[in-house]
Amino acid sequence: MRNSTFACLCLFVVASLLALTPAVAESPSSDRDQRMAWWREAKFGMFVHWGIYSVTGGRYRGEELPNSAEWMMNRGKIPIAEYEQYAARFNPTEFDASKFVGLAKEAGMKYLIITAKHHDGFAMFDSHVNPFNVVDATPFGRDIMKELAEECQRQDIRFGFYYSQAQDWHHPGGFGNNWDKNLQRVSSDIYVREKAVPEVRQLLTEYGPIGIFWWDTPRKMSRESFDSLHSLTRLQPKVVTNDRLGEDYPGDYKTFERHIPDTPPADQDWEVCMPISGSWGYKAIDQDFKSSETLIRNLIDIASKGGNYLLNVSPTGRGDLLPQAVERLKRIGQWMKVNRQSIEGTQASPLSDLAWGRCTMKTTGETTHLFLHVFDWPDDLALTVPELKNTVREARLLADGRTIMAENTDKGVSLSLPMEAPDDIASVIVLEVEGELKIEKRLPHPDENGRLTLNARDAYIHNNEGARQAGIRYHDDIAHIGYWHDRQAWLEWNVELDHPATFRVRAELSVEQPETRFIVTAPGESLHATASSTGGYGNYAEVDLGTMTVSDSGKIRITLRPDVDHWHPMNLRRVELTEVKQP
């Protein structure tokens with residue numbers, strides 16, 4: 001008995017230390033690589049936003065509220081006592097975990113993440129510390145998270161939780177509720193200690209293996225609160241996390257919300273989360289469903305850049321998905337059934353931007369497979385794979401294995417295609433190449449429409465080495481050159497032109513002062529440009545800068561320098577030169 005008591009005491013001490021010990025430091029790279037291996041292989045997952053707000057379809061007192069439906073409590077300024085009454089109406093009798101997970105599997109998704117608790121504070125699981133939960137407060141009375149966790153295990157889908165760790169409009173210590181005058185405020189530390197920590201611990205100990213823990217909307221909490229939440233992930237040694245716990249807690253990967261980055265982050269795992277329609281949660285008037293073509297091409301585009309696609313669906317108050325969502329998931333599944341190997345387990349494209357589609361890659365030993373996703377089947381049935389210098393061992397259609405003729409040319413590899421495209425959204429051609437991959441990178445050059453895009457991330461920034469001024473920064477996860485206070489700092493792009501031409505020059509930028517002036521130069525001409533205020537550094541606009549004639553071809557240099565006598569800081573996302581076609 002004494003030994004048993006001592007053992008229990010040891011377990012209690014270990015558990016207490018586990019919950020309190022800071023765990024901010026990154027895991028060793030080898031450990032992280034092991035944990036991330038399945039995620040990097042998967043490429044495609046389902047996101048689910050679901051809660052008691054779904055019974056209203058986004059309506060409050062007969063009015064349609066702005067923003068996504070899961071924000072209705074905030075947007076409608078609904079008092080807690082009134083919002084709690086929606087739980088009595090939540091009875092999703094159409095919910096079937098096996099069908100729900102089966103639909104994700106059919107779509108080709110490899111993991112599923114669902115909102116265990118969103119900002120409204122309602123727990124979609126049987127919370128031990130929060131009676132405002134799906135088992136105790138609704139007529140449904142079933143632990144939805146438990147059913148999904150068990151079903152995901154049965155169907156070999158990795159399961160993960162979304163948890164709003166900072167915003168909680170129901171608890172007096174949670175962030176975000178500034179409208180309910182009956183709320184007797186307490187510190188966020190109390191909220192974290194009383195609710196967030198116990199619930200996160202429960203989610204990580206009572207629902208089997210958890211693949212992902214997805215934090216959301218970080219706020220300024222105490223170091224003790226951050227550490228107490230972060231350390232809980234040790235309860236699931238194989239779990240991976242996103243980057244939204246707090247500023248000093250980068251997680252295992254970066255999340256882009258709603259948009260696909262033009263230039264993905266270098267040497268960093270990343271994903272794009274995006275709703276299948278306009279709202280994250282179910283909204284009755286939301287008919288802004290993305291087409292199957294857009295969704296499939298989004299998946300391909302993201303994979304071609306080395307990222308993952310987390311596609312959100314919105315169950316109704318009945319517990320089912322709208323037909324539009326089901327139809328699109330099934331169409332994605334049809335495409336994935338044929339072309340799965342061109343997505344799963346692939347790496348980013350080694351090629352530059354492709355006018356006709358996207359590329360993904362797999363390397364096994366000394367063999368490299370390039371998967372060419374052709375969006376626009378050429379009328380002349382000739383497709384060029386630029387920059388590729390390897391001899392093609394085999395070229396075939398992934399859909400039916402038909403052989404395609406391949407020939408090396410000065411421009412790369414030329415393919416002779418059959419008359420009909422196998423798929424009207426994206427047809428996949430597999431190239432197997434010999435030996436080490438040989439890519440002859442071209443400099444940025446005009447596309448088939450004569451448009452040359454100079455992105456901020458592609459610029460060489462001439463500034464004082466190590467200075468913050470005139471460096472890469474981000475707004476809405478889009479790169480720009482900012483903190484440009486040094487009027488001696490300037491930008492340079494090396495590009496390639498096939499012939500001299502006159503270009504219309506535009507720039508996407510933001511300016512706070514009344515105006516700023518700068519000079520764009522190219523061989524043969526300097527364009528003196530003026531950009532008026534856009535209303536603030538966060539307000540971007542496309543500005544027409546005028547025209548300029550470039551007198552040279554081949555490899556040339558384009559620069560952008562402040563007009564030192566009339567310079568005020570600006571943020572610059574890109575410069576675009578479009579050839580003016582001669583009549």
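Everything below is about the structure shown above.
Draft legend 1. A look at the sheet that holds strand E12 (residues 367-374). The antiparallel open sheet is built from four strands, whose spatial order is E11-E12-E17-E14. Among the strands making up the open sheet, the edge pair consists of strand E11 (357-364) and strand E14 (392-397). Each neighbouring strand pair of the sheet contributes to a mean axis angle of 20 degrees, computed without reference to strand direction. Bridge count for E12 against strand E17 (residues 427-433) is seven bridges, and the pairing is antiparallel. Within E17, the residue paired with His369 across the bridge is Glu432. In the packing of helix H9 (residues 292-304) onto the sheet, contacts are made with E11 and E12, and the angle to E11 comes to roughly 50 degrees.

Draft legend 2. Here's a closer look at the environment of Glu84. Structurally, Glu84 is set in the loop between helix H4 (80-83) and helix H5 (97-106). Take Glu84: its relative accessible area is 34%, and that puts it in the partly exposed class. In sequence terms Glu84 and His170 are 86 residues apart; their C-alpha atoms lie 9.0 Å from each other. Apart from the residues within four sequence positions on either side, Glu84 is in contact with Phe132 and His170.

Draft legend 3. View of the packing of aromatic side chains. Overall, the coordinates contain 22 aromatic pairs when judged by the stated rule. With a centroid separation of 6.0 Å and 65 degrees between ring planes, the pair formed by Trp169 and Trp179 is classed as edge-to-face. Residue Trp169 is found in the loop between strand E5 (158-163) and helix H7 (188-203), and its partner Trp179 is found in the loop between E5 and H7; the two are separated by ten residues along the sequence. For the pair Trp169 and Trp179, one class covers both residues: buried. Grouped by ring-pair contacts, the aromatic residues Phe47, Tyr162, Trp214 and Trp280 constitute a single cluster. A cation over a ring is seen here: Lys117 above Tyr163, with NZ or CZ 4.8 Å from the ring centre. Here Arg573 stacks its cationic end above the ring of Tyr540, 3.6 Å away from the centre of that ring.

Cut-offs used in this document
Residues numbered from 1 in each chain as written. Predicted model: local features only at pLDDT ≥ 70, side-chain atom pairs only at ≥ 80, totals over all residues. Heavy atoms only, no water. Pairing = 2+ DSSP bridges. Helix = DSSP H or I, 4+ residues; strand = E, 2+ residues; numbered from the N terminus. Axes fitted to C-alpha atoms, helices over the stretch in contact; angles between N-to-C directions. Contact = heavy atoms within 4.5 Å. Buried < 20%, exposed > 50% of the residue type's maximum accessible area, 1.4 Å probe, protein only. Phe/Tyr/Trp six-rings, centres within 6.5 Å; stacked < 30°, edge-to-face > 60°. Lys NZ or Arg CZ within 6 Å of the ring centre and 35° of its normal.

By themselves, these figures tell us nothing about what the structure is for.
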